[in-house]
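Structural features, examined
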Amino acid sequence: SNDTFKHNYYTNPTPMASFTVAEQCEYETIEFKDGSTVAIGKVTGWEWNFGDGSSSTSQNPSNDYGVFDTFAVIMVATTDSGCTDTTYGQGITHPKPIAKFSTANECHHTESDFTNASTVAYGTLSYAWDMGDGTNTSTTTNPSLTYANDGSYNVELIATSDKGGMAESGLL
């Protein structure tokens, strides 16, 4: 005689771990956005390794990288049934520009030339100048201006990298 035992066996689906992240400049907070899914159940756990020695268990964490570089990021998603999936990506930080300029003290009714000394490790810079007189601005690299009145002017330069970083410099 034969004896048969039947048992319904169910396997839980494995999640599809995924995330998105935008590139930032050094010293700026990078936001990681979880995009993990699972067919049945829900994703309930996240383990992040940001590639710089820091980690998180938040669903949508952030990280502050102190230097510009490319970091290998690992994220493990876990479902409510304990199934896991691992995905790999990158946290990319770009160099922050340094905004700097100089000018010589000029006489009233003579042209003041501003020498831009802004730098960035790589990428290109664009400029926004506020000439401090309430009306004049410029986007050129080295602007010149003849001020209508003698006095002190708070000139401001904003240097922006094509990678998104921004720095300001002022001169009275």
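Just above sits the structure.
Cut-off values and rules
Residues numbered from 1 in each chain as written. Predicted model: local features only at pLDDT ≥ 70, side-chain atom pairs only at ≥ 80, totals over all residues. Heavy atoms only, no water. Helix = DSSP H or I, 4+ residues; strand = E, 2+ residues; numbered from the N terminus. Contact = heavy atoms within 4.5 Å. Core = buried A, V, L, I, M, F, W, Y, C linked by side-chain atoms within 4.5 Å. Buried < 20%, exposed > 50% of the residue type's maximum accessible area, 1.4 Å probe, protein only. 1 Å grid on protein atoms, 1.4 Å probe; cavity = no way out; pocket = protein on both sides within 12 Å on 5 of 7 lines; lining within 4 Å. Points joined across faces, edges and corners; volume = space filled by probe spheres on them. Nonpolar A, V, L, I, M, F, W, Y, C, P; charged D, E, K, R; others polar. Pairing = 2+ DSSP bridges. Axes fitted to C-alpha atoms, helices over the stretch in contact; angles between N-to-C directions.

By the element assignment, Thr141 lies in the loop between strand E12 (137-138) and strand E13 (144-146). In sequence terms Thr141 and Glu26 are 115 residues apart; their C-alpha atoms lie 24 Å from each other. The residues contacting Thr141, other than those within four sequence positions of it, are Asn116, Tyr127 and Trp129.

Before going further, it helps to examine the nonpolar core. Most often, soluble globular proteins keep nonpolar side chains buried together rather than apart. With 14 residues, the main nonpolar core has Phe19, Phe32, Trp48, Phe50, Tyr65, Val73 and Met75 as its most contacted residues. Counting only elements with at least two residues in this core, the list comes to strand E3 (29-34), strand E4 (43-49) and strand E7 (69-79). Broken down by element, the residue count for this core peaks at four residues, all from E7. Other than its neighbours up to four places away in sequence, Phe50 contacts Phe32, Ser55, Ser56, Pro61, Ser62, Asn63, Tyr65, Phe71, Ala72 and Val73.

A volume near 360 Å³ is recorded for the largest pocket. Around the largest pocket, the lining is made up of 20 residues, and of these Glu106, Ser112, Tyr147, Gly151 and Tyr153 lie nearest the centre. The class makeup of the residues in the lining of the largest pocket is eight nonpolar, 10 polar and two charged.

Our next topic: the sheet that holds E7. Taking strand neighbours across the sheet as the criterion, the five strands line up as E2-E8-E7-E4-E5 in an open arrangement whose pairing is mixed. The sheet terminates laterally at strand E2 (24-25) and strand E5 (55-56), the two strands that pair on one side only. By the bridge criterion, six bridges tie E4 to E7 in an arrangement that is antiparallel. Within E7, the residue paired with Gly45 across the bridge is Thr78.

Quick look at the sheet that holds strand E9 (residues 101-103) now. Spatial ordering of the open sheet is given by E9-E10-E13, a layout of three strands whose pairing is antiparallel. The sheet is open, and its two borders are formed by E9 and E13, each paired with just one other strand. The sheet shows a mean angle of 25° between the axes of neighbouring strands, taken without regard to direction. Here E9 pairs with strand E10 (residues 111-116) via three bridges, running antiparallel. Bridge assignment links Thr103 to a residue of E10, and that residue is Phe114.

Moving on to the side chain of Thr87. With respect to the helices, strands and loops of the structure, Thr87 is situated in strand E8 (residues 84-94). Once you skip the residues sitting within four places of it in the chain, Thr87 turns out to touch Ala17, Ser18, Phe19, Val73, Ile74 and Met75.

All right, on to the pairing of E8 then. Relative to E8, E2 runs parallel, the two sharing two bridges. Looking across to E8, one finds that Cys25 is bridged to His94. Across 10 bridges, E7 lies against E8 in antiparallel orientation. Counterpart to Ile74 in the pairing with E8 is Tyr88. Following E7, the chain reverses through four residues before pairing antiparallel with E8; Gly82 in that reversal takes a positive phi of roughly 90°.

The values are spatial; any link to function lies outside them.
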